[in-house]
Amino acid sequence: MEQIDDLFEYVSILLIFINACLYIWSYRNFNKSIALKYFSVYLLISFTIILASTIMAKIPMNNLYLSHYYFISQFILLSLFYRSLFLKKQKKLVVYFLFGILFVLAFKYYLKPSLYFKFNILEIFITSFPIIVYSIIHLYNSLSRKGEYMFINSGILIYLTISTLIFILGDYLSGLNNGTISYIWMINKTLYIVYLVLILVEWKKLNLQAKNKS
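What you see is a predicted model; the values in this text were computed from it and never measured. (Residues numbered from 1 in each chain as written. Predicted model: local features only at pLDDT ≥ 70, side-chain atom pairs only at ≥ 80, totals over all residues. Heavy atoms only, no water.)

K.L.:
What's the story with the overall build of the protein in this structure? I'm lost.
P.N.:
The number of helices and strands found in the protein is eight helices and zero strands. Shown N-terminal to C-terminal, the secondary structure of the protein runs as helices and strands in the order α-α-α-α-α-α-α-α. On C-alpha atoms alone, the protein measures out to a radius of gyration of 18 Å, which is about the 17 Å that the 2.2 N^0.38 rule sets for 214 residues. In the protein, which comprises 214 residues, the proportion classed as buried is 42%. A separation threshold of at least 6 residues defines the contact pool for the protein, and within that pool the share at least 24 residues apart is 73%. (Helix = DSSP H or I, 4+ residues; strand = E, 2+ residues; numbered from the N terminus. Rg over C-alpha atoms; globule rule 2.2 N^0.38 Å. Buried < 20%, exposed > 50% of the residue type's maximum accessible area, 1.4 Å probe, protein only. Contact = heavy atoms within 4.5 Å.)

Here you go:
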């Protein structure tokens, strides 16, 4: 099981690295959309944090604090990504969520700095739930107009919904036997790879569209 777990981890790192390179290349060469810019930065930062976290785990070193950078950067950049795709009134919702949640987190860490070195379930929930809401809104918008980045949106909706649920139920899952826990986390890692594959499929679609226009 450990070998399979390592394989999934390395495949994830490779896929997110490839995605980051491809999306940055696309943004620099033929697609200057603000949505693509934010998503490219999101992929690059995610790759950097995941790679650093994996290296630190192998040394081994405490890497729990890196989770804060991952979830907060994901929240900020995917919020900006969806804001660039939303209708005018919906953009305001993103701004409210952004400032409100960042204020809550800053205040929380100010009151209790020790949280910085712990796994924060509240942080995971309040930074992931708005992204799930945004993906549903974007899916709804696509019913009345041509939807953009629909493969990415599907991946976000499926992966973040299930992954967030797994993290929130962490205390309950700790009471299960080790085999069941390993199986559940394997599902989470599999879904992450599916998410990264959907991102790759989206890039292929964007690339074909660019070639057809040229």
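K.L.:
Before we go on, may I ask you to explain the packing of helix α5 (residues 121-141) against helix α6 (residues 150-168) in this structure?
P.N.:
For any two helices packed against each other, the geometry is given by the interaxial angle and the distance between the axes. The N-to-C vectors of α5 and α6 enclose an angle of 150°; their axes lie 9 Å apart at closest approach. As the angle between them shows, α5 and α6 are arranged roughly antiparallel. As α5 packs across α6, the resulting crossing turns out to be left-handed. Between α5 and α6, the contacting residues are Ile121, Ile124, Phe125, Ser128, Ile131, Ile132, Ser135, Ile136, His138 and Leu139 on the first element and Met150, Asn153, Ile156, Leu157, Leu160, Thr161, Thr164, Phe167 and Ile168 on the second. Taken together, the residues of the contact of α5 with α6 break down into 13 nonpolar, six polar and no charged. (Axes fitted to C-alpha atoms, helices over the stretch in contact; angles between N-to-C directions. Parallel < 35°, antiparallel > 145°, perpendicular 65-115°, else oblique. Left-handed = near helix turned anticlockwise from the far one by under 90°. Nonpolar A, V, L, I, M, F, W, Y, C, P; charged D, E, K, R; others polar.)

K.L.:
Whenever I open this one, the packing of helix α4 (residues 88-111) against α5 confuses me. Can you help?
P.N.:
Between α4 and α5, the shortest axis-to-axis distance is 10 Å and the interhelical angle comes to 175°. When the interaxial angle is binned, α4 and α5 end up roughly antiparallel. Residue-level contacts link Gln90, Leu93, Val94, Phe97, Ile101, Val104, Leu105, Lys108 and Tyr109 of α4 to Leu122, Glu123, Ile126, Thr127, Pro130, Tyr134, Ile137 and Asn141 of α5. Across the contact of α4 with α5, the residue classes break down as twelve nonpolar, three polar and two charged.

K.L.:
I would appreciate a short explanation of the environment of lysine 204 in the present structure.
P.N.:
Tracing the chain through its elements places lysine 204 in helix α8 (residues 178-213). Residue classification places lysine 204 among the partly exposed positions, given a relative accessible area of 44%. Taking the C-alpha atoms as reference, lysine 204 lies 9.4 Å from leucine 22; in sequence the two are 182 residues apart.

K.L.:
I'm lost on the nonpolar core in this one. Help?
P.N.:
If you look at soluble globular proteins, the nonpolar side chains tend to sit buried side by side. With 48 residues, the main nonpolar core has Tyr23, Phe39 and Phe81 as its most contacted residues. Listed by contribution, the elements that provide at least two residues to this core are α1 (2-29), α2 (34-58), α3 (66-83), α4, α5, α6 and α8. It is α2 that contributes the most residues to this core, nine residues altogether. Dropping the residues within four chain positions of it, phenylalanine 39 is found in contact with Tyr23, Leu78, Phe81, Ile152, Tyr195 and Ile199. (Core = buried A, V, L, I, M, F, W, Y, C linked by side-chain atoms within 4.5 Å.)

K.L.:
Teacher, can you tell me more about the packing of aromatic side chains here?
P.N.:
By convention here, two paired aromatic rings are described through the distance between centres and the angle between planes. Scanning all chains against the criterion turns up 25 aromatic pairs. Arranged with centres 6.1 Å apart and planes meeting at 50°, the rings of tyrosine 82 and tyrosine 134 form a pair that is tilted. Of this pair, tyrosine 82 sits in helix α3 while tyrosine 134 sits in helix α5; the two residues are 52 residues apart in sequence, bridging distant segments of the chain. As far as burial versus exposure is concerned, tyrosine 82 and tyrosine 134 are alike and both buried. Measuring from centroid to centroid gives 5.0 Å for tyrosine 116 and phenylalanine 117, while their planes differ by 85°, and the two rings are edge-to-face. Here the aromatic residues Tyr23, Phe39, Tyr42, Phe81, Tyr82, Phe86, Phe97, Tyr134 and Tyr149 are joined through ring pairs into a cluster of three or more. The ring of tyrosine 27 is capped by lysine 32, whose NZ or CZ atom sits 4.9 Å from the centre of that ring. (Phe/Tyr/Trp six-rings, centres within 6.5 Å; stacked < 30°, edge-to-face > 60°. Lys NZ or Arg CZ within 6 Å of the ring centre and 35° of its normal.)

K.L.:
How do you make sense of the layout of surface pockets when you look at a structure like this?
P.N.:
The method is simple in principle: a probe with the dimensions of a water molecule rolls over the atoms, and the space it marks as empty is what remains. The calculated volume of the largest pocket comes to roughly 980 Å³. Taken together, 29 residues line the largest pocket, and the ones lying closest to its centre are Ser53, Phe167, Trp185, Asn188 and Lys189. Taken together, the elements giving at least two residues each to the lining of the largest pocket come down to α1, α2, α3, α5, α6 and α8. Partitioned by chemical class, the residues of the lining of the largest pocket number 16 nonpolar, ten polar and three charged. (1 Å grid on protein atoms, 1.4 Å probe; cavity = no way out; pocket = protein on both sides within 12 Å on 5 of 7 lines; lining within 4 Å. Points joined across faces, edges and corners; volume = space filled by probe spheres on them.)

K.L.:
Would you explain a nonpolar patch on the surface in this entry?
P.N.:
A cluster of nonpolar residues, Leu64, Phe119, Ile121, Phe125, Phe129, Leu165, Ile168 and Leu169, forms a patch on the protein surface that exposes about 650 Å² of accessible area. Ranked by the residues each element gives to the nonpolar patch, the list is headed by α5, at three residues. Note that leucine 169 resides in the loop between α6 and α7 (170-173). Overall, the relative accessible area of 37% leaves leucine 169 in the partly exposed class. (Patch = residues over 30% accessible without salt bridge, like charges linked within 9 Å, V, L, I, M, F, W, Y side chains within 5 Å. Areas by Shrake-Rupley, 256 points an atom, 1.4 Å probe, with all protein chains shown as cover. Salt bridge = Lys/Arg side-chain N within 4 Å of Asp/Glu carboxyl O.)

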